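Structure assessment
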Amino acid sequence: MFKIGDLRRKLADIDGSGYKAYKSIQGSYDLENCILFIDHVQADPFAPPSKIRLRVPMEKAAFPEYLYQGLRLTALEDKIARVVEEKIKTNSSYIKGTGKSGNVYIDAGRQEVLKRSAVKITPDFVEARIAIGLPAVGRRIKGKEAAHMLCEDMPAVAASALYFKRLDENELKEHVYLYEDQELIRNNLKQTGLVAFIGNGAVLPRKSGNSNLPMPEKQAIKFISPANMEIEFKTLHHGTIKGMGIPRGVTLIVGGGYHGKTTVLKAIERGIYNHIAGDGREWVITVSDAVKIRAEDGRNVEKVNIRYFIDNLPFSQDTERFSSVNASGSTSQAANIMEAVEIGAELLLLDEDTSATNFMIRDARMQRLIHKNKEPITPFIDRIRPLYEKHGISTILVIGGAGDYLDVADKVIMLDSYRVFDVTEEARLIADEIKSDRQVEADGEFEGIKSRIIKKESFNMLKREKSKVGSRGLTDISLGKMSIDLSAVEQLVDSSQTRAIAECLRYMTRYIDGKRSLRTVVDLVFRDIDRNFEVISPFNPGHHPGDLALPRKYEVASALNRMRSLKIE
């Protein structure tokens, strides 16, 4: 290992040289208060930034073990990444230059607390993984400025963010304890017969349609549970939390337009993640196996059994092994449900605004005009009860125009100017008084999920030389020259999750042998991730796994199912 003086001399020697001379500084350096690892040096000033690590031995960092035991580890790593991000802003020099010169970045979280690779904490050390744009003028090295960034700014960041004595213990405890109590409630949902919980006082509306930040409290109407739906959870650190419990079964969310129906559903779908203090959704907790379902015109579908919903297509098209490169709204929504159930979904979340109308319902008039033997779709309304009663799959559905769904609901929640009311009894009286003339069209039982075996050729594009795996933003993945569109996968919240999904797709090829089912392959990937998150992107010189956030198996499977190269036996 080199000393800090060695790094200064190297940078002085290459000052003014061509940018590729930066490669000579790769290695590890003792900066006195931390160890600096320069793992990867960018090829030129316009390329993705260089990647470094700052490591402090735990005997010096001195974080109490209670802060990172068990599931608290994820929360503490998340918090330290946020602190490092803050200290980078206050300790980094303002250096100008070409391209990404002077940029310093860590992949810290936003509103959600996710397992990340940006910070790693073990009993032996605390380590921050950072991207840094080494400075240049044109393509000539600015050695003095680089020395300032690496030998002064980075030790300052380490000193202020990676040493326990420099941090507010109460602030760390609150972040960790909040995460722990959120997980406690989530783990208790099933045993209390619930699929979701919304705490009283929650701020569900966001600042704007394209923002994940909370609406200012002065403008927002805080959530209050209907009295008869209020339950309470005793937590370890935050006392008793009261709020609305949504039971297993079929729940409708009704109300006029712009009264908050979709806002509540959106909060529930994001309730699969834990949120930071001040987000407003800290106590919005949903079971981890909840999946948002929508229509997705044009998506690729490969040999999915949608016969439970769609059968007897013209020209005898097979719906037990349905395939399409351009699925319709109804067939895509049916496929989305069956794919989610294949991976293990226990709660389906639907909004009529993003659903295919003909998939959701056929009213009595249309039934009389178009006889069932001419209609291949069995609408969701006729499958929603059997899905729950025979298979334990609950549904929460936002509905505003199809009153026939009152006949199949266990619970009906009404939104009125963002205030919540339980109108279940009123809805039942209306359903009894105004009879629906539509006929139940379901025939045949749910046959369960048949295993789909992935063919090895599905990933042929990765066998080519120099084939790359990557992502762009939240919704785009590239495997070689093929792109995967995840814009309809609505429970992705962080582009770092998308990067991790791309790495999962690459990693899973080791388990695809022409015998294992799609679910088995996904389960094996997550078995390995549970043991070591970074296994999907193993650390080696030149590769720096500091920008990944853990996705769920449902989103990984969604990406796999949307691969246009996917081939099923």
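See the structure printed just above.
Each value, and the rule that gives it
- Residues numbered from 1 in each chain as written.
- Predicted model: local features only at pLDDT ≥ 70, side-chain atom pairs only at ≥ 80, totals over all residues.
- Heavy atoms only, no water.
- Core = buried A, V, L, I, M, F, W, Y, C linked by side-chain atoms within 4.5 Å.
- Buried < 20%, exposed > 50% of the residue type's maximum accessible area, 1.4 Å probe, protein only.
- Phe/Tyr/Trp six-rings, centres within 6.5 Å; stacked < 30°, edge-to-face > 60°.
- Lys NZ or Arg CZ within 6 Å of the ring centre and 35° of its normal.
- Pairing = 2+ DSSP bridges.
- Helix = DSSP H or I, 4+ residues; strand = E, 2+ residues; numbered from the N terminus.
- Axes fitted to C-alpha atoms, helices over the stretch in contact; angles between N-to-C directions.
- Arc of directions from axis to C-beta.
- Contact = heavy atoms within 4.5 Å.
- Patch = residues over 30% accessible without salt bridge, like charges linked within 9 Å, V, L, I, M, F, W, Y side chains within 5 Å.
- Areas by Shrake-Rupley, 256 points an atom, 1.4 Å probe, with all protein chains shown as cover.
- Salt bridge = Lys/Arg side-chain N within 4 Å of Asp/Glu carboxyl O.

On to the nonpolar core, then. Ranked by size, the top nonpolar core spans 83 residues in total, and within it F309, F380, Y405, L479, L505, L560 and M563 carry the most contacts. A61, I80, A128 and F164 belong to the second largest nonpolar core, which has 61 residues in total.

Moving on, we get to the packing of aromatic side chains. Applying the stated criterion across every chain yields a total of nine aromatic pairs. Between the aromatic rings of Y308 and F309, the centroid separation amounts to 5.3 Å while the plane-to-plane angle is 70°, which identifies the pairing as edge-to-face. Owing to a relative accessible area of 0%, F309 belongs among the buried residues under this scheme. Taken together, the ring pairs in this structure connect Y308, F309, F359 and F380 into an aromatic cluster. Positioned above the aromatic ring of F2 is the side chain of K10, whose terminal nitrogen or guanidinium carbon lies 3.8 Å from the ring centre.

Turning our eyes to something else, we now look at the sheet that holds strand β25 (residues 476-479). Here we have three strands laid out as an open sheet, ordered β24-β25-β26, and antiparallel in their pairing. Pairing within the sheet leaves two strands with one partner each, and these edge strands are β24 (469-472) and β26 (482-485). Shown here is a sheet whose adjacent strand axes are inclined to one another by a mean of 20°, direction ignored. When β24 meets β25, the two strands line up antiparallel, connected through four bridges. Looking across to β25, one finds that R472 is bridged to D476.

By the burial criterion, the buried members of helix α1 (residues 4-14) are I4, L7, L11 and I14. Burial along α1 is one-sided: seen end-on, the buried residues are contained in an arc of 100°. In α1, the exposed positions angled more than 90 degrees off the buried face are occupied by R9, A12 and D13. Along its buried surface, α1 packs onto β1 (2-3), β2 (27-30), β3 (35-40), β10 (140-141) and α4 (143-161). Trailing α1 by a residue or two, G16 shows a phi angle of about 85°, which is positive.

If you walk across this open sheet you meet the six strands as β17-β20-β21-β14-β22-β23, and the pairing is mixed. Here the strands that pair on one side only, and so sit at the sheet edges, are β17 (290-293) and β23 (419-422). Neighbour-to-neighbour, the strand axes of this sheet turn through a mean angle of 20°, independent of strand direction. Bridging between strand β14 (residues 250-255) and strand β22 (residues 411-416) involves five bridges; their strand directions are parallel. Of the residues in β22, the one forming a bridge with V254 is M414. Sheet contacts for helix α6 (residues 261-270): β14, β17, β20 (347-351), β21 (394-398) and β22; angle to β20, the most-contacted strand, approximately 150°.

This part takes up a nonpolar patch on the surface. Together, M366, L369 and I370 make up a nonpolar patch on the protein surface, roughly 280 Å² of accessible area in all. The residue I370 is located in the loop between α9 (364-369) and α10 (384-391) in this model.

All quantities given are derived from atomic positions and should not be read as evidence of function.
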